[in-house]
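Chain by chain, the residues:
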Amino acid sequence: MKKGTKITKHLRDNSRARKHFFSEDYFDKIDTEEKAYWLGFIYADGYIKHRKGAYALTIGLSSKDHNHVVKFDNAVGYDSEIKIRTDKLGYKNSTITLYSKKMVISLLRCGLYQNKSLTIEPWSGPEHLMKAYWLGVFDGDGGFCKNVKKLKNGTSVTRYSFNLYGTFAMVDGLKKFISRQELCKGKGTIREHYSIWRLYYGGTEKTQKISNFMYLNMDTFLQRKKDIADEIEKILFTKYKIRDLDENMLLKLFHKLGSWEKVAYALKISRNGLYKHLRRSNMPRRKWVPNFCFDFRKTLF
């Protein structure tokens, strides 16, 4: 045994010999939304170590999310400043490492363990805390995807999607949680993504409903993703009942706007969604591209 090994272990496991202090019993009982959120965030972006007498919890984020690490620092009462360091590749990171056998054991009881990335399963807690937990998971391993498509008429359409990456058990767990809230009719799609899995909700309206619910009345969140959720929330949707539009109305729209793509954009639906309606209404395919003229100056309806 090398000289100083016992002293190092003593410093890590005995709070009386610590240089920096924090609430080691923070995760003993998950009974608040704040604790549930940080548990979920650690499930996604944290790392625990429990071997060779060393017990540690580490959270490391890009320097652009430095304030989020500071939030965790404040939550557990850590009395040291979080510094930004540059790694070997030149990236700036904010990292906090807490040495505590008591805290790590509490996290183990909550279902966490070393090398969890490919096998972890979701925490099973009280239903009223699960939204905070899943928000923490999403802030760590999820994200919004923004797709801007330019149309032929010079305008553009922006579409958002809601995504989570992780083990099958994790993405399926969030899918079931969202399903229980009855937020949207469409079901999320789960697909393999390299060595992990991806949960995907396509469409801006679905994304808006889910993100509004997840961030509503929450005090703890990743500000960068909350800003995107706020941006999505500002998008207004004009409700059109596509089933109420008969063949003649749709043909008039086609002649006025010039293409089915522009008709779909005007109705705030996808082009594929419009094509599905045309097929359901049994409109002959030859009428999808009419060859007769129409007076563009006439009133549409």
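Everything below is about the structure printed above this text.
Residues take numbers from 1 onward in each chain, read along the sequence in its written order. Selection of residues for local features in this predicted model requires a pLDDT of at least 70, selection of side-chain atom pairs for listing and counting requires 80 or more, and totals for whole chains, interfaces and linings are taken over all residues. Hydrogens are left out, water is left out, and the side-chain values use all remaining heavy atoms of the structure.

Draft legend 1. Spatial organisation of the sheet that holds strand β1 (residues 46–51). Should DSSP find at least two bridges between two strands, the strands are taken to pair. Secondary structure counts use DSSP, requiring at least four H or I residues in a row for a helix and at least two E residues in a row for a strand, with both numbered from the N terminus. Taking strand neighbours across the sheet as the criterion, the four strands line up as β1-β2-β4-β3 in an open arrangement whose pairing is antiparallel. Each end of this open sheet is capped by a strand with a single partner; those strands are β1 and β3 (84–86). Sheet twist, expressed as the mean angle between neighbouring strand axes with direction ignored, is 35°. With six bridges connecting them, β1 and strand β2 (residues 54–62) associate as antiparallel partners. Looking at the pairing, lysine 49 lines up with alanine 56 of β2. Sheet strands in contact with helix α2 (residues 33–45) are β1 and β2, and its direction is about 85° off that of β2. Between N-to-C directions, angles cover 0 to 180 degrees, with each direction set by a line fitted to C-alpha atoms, over the stretch in contact for helices. In what follows, a contact means two residues having at least one pair of non-hydrogen atoms within 4.5 Å.

Draft legend 2. A look at the packing of aromatic side chains. Centre distance within 6.5 Å is the pairing criterion for rings of Phe, Tyr and Trp, where only the six-membered ring of Trp is used; planes under 30 degrees apart are then read as stacked, over 60 as edge-to-face, and the remainder as tilted. Scanning all chains against the criterion turns up 17 aromatic pairs. With a centroid separation of 6.3 Å and an interplanar angle of 70°, the aromatic rings of phenylalanine 162 and tyrosine 201 are classed as edge-to-face. Here phenylalanine 162, found in strand β6 (residues 156–166), pairs with tyrosine 201, found in strand β8 (residues 196–202); they are 39 residues apart in sequence, far enough to count as distant. Of the two residues examined, phenylalanine 162 and tyrosine 201, each falls in the buried class. Taking 6.4 Å as the distance between ring centres and 75° as the angle between the ring planes, the aromatic pair formed by tyrosine 215 and phenylalanine 221 counts as edge-to-face. With respect to class, tyrosine 215 is no different from phenylalanine 221; both count as buried. Here the aromatic residues Tyr37, Trp38, Phe41 and Phe72 are joined through ring pairs into a cluster of three or more. Only protein chains enter the accessibility calculation, which uses a 1.4 Å probe; a residue is then buried when its area is under 20% of its type maximum, exposed when over 50%, and partly exposed in between.

Draft legend 3. Examining the pattern of salt bridges more closely. Salt bridges, as used here, are contacts in which a Lys or Arg side-chain nitrogen is within 4 Å of a carboxyl oxygen on Asp or Glu. For the structure shown, the criterion picks out seven salt bridges. For aspartate 31, the salt bridge is made with lysine 35, and the minimal N-O distance between the two is 3.3 Å. Residue aspartate 172 is joined to lysine 176 by a salt bridge in which the shortest nitrogen-to-oxygen separation is 3.2 Å. Residue aspartate 172 and its partner lysine 176 are both found in helix α6 (residues 168–181); the two are separated by four residues, about one turn of the helix. Judged by its relative accessible area of 49%, lysine 176 falls in the partly exposed class.

Draft legend 4. View of the nonpolar core. Counting 59 residues, the largest nonpolar core has Phe27, Leu39, Phe72 and Tyr133 as the members making the most contacts within it. The dominant element in this core, judged by the number of residues it contributes, is helix α5 (residues 127–141), at eight residues. Each residue touching phenylalanine 27, except ones within four places of it in the same chain, is listed here: Lys35, Trp38, Leu39, Ile42, Phe72, Met103, Ser106, Leu107 and Cys110. Here, the term nonpolar core denotes a set of buried Ala, Val, Leu, Ile, Met, Phe, Trp, Tyr and Cys residues that are joined through side-chain atoms within 4.5 Å. Leu245, Leu250, Leu267 and Leu278 belong to the second largest nonpolar core, which has eleven residues in total.

Draft legend 5. Seen up close, the side chain of lysine 116. Locating lysine 116 in the fold gives a position in the loop between α4 (101–109) and α5. By the counting rule applied here, Lys and Arg register as positive and Asp and Glu as negative, while His and the ends of each chain are not counted. Lacking a salt bridge, the buried lysine 116 has aspartate 141 as its closest oppositely charged neighbour, with an N-O distance of 5.9 Å. Each polar contact in these results corresponds to two N or O atoms within 3.5 Å; when the atoms are within protein, one needs to be able to donate a hydrogen and the other to accept it, and residues that are neighboring in sequence are counted only if both atoms are side-chain atoms. A polar side-chain atom of lysine 116 sits 3.3 Å from the main-chain carbonyl oxygen of glycine 46.

These figures come from the coordinates and say nothing about function on their own.
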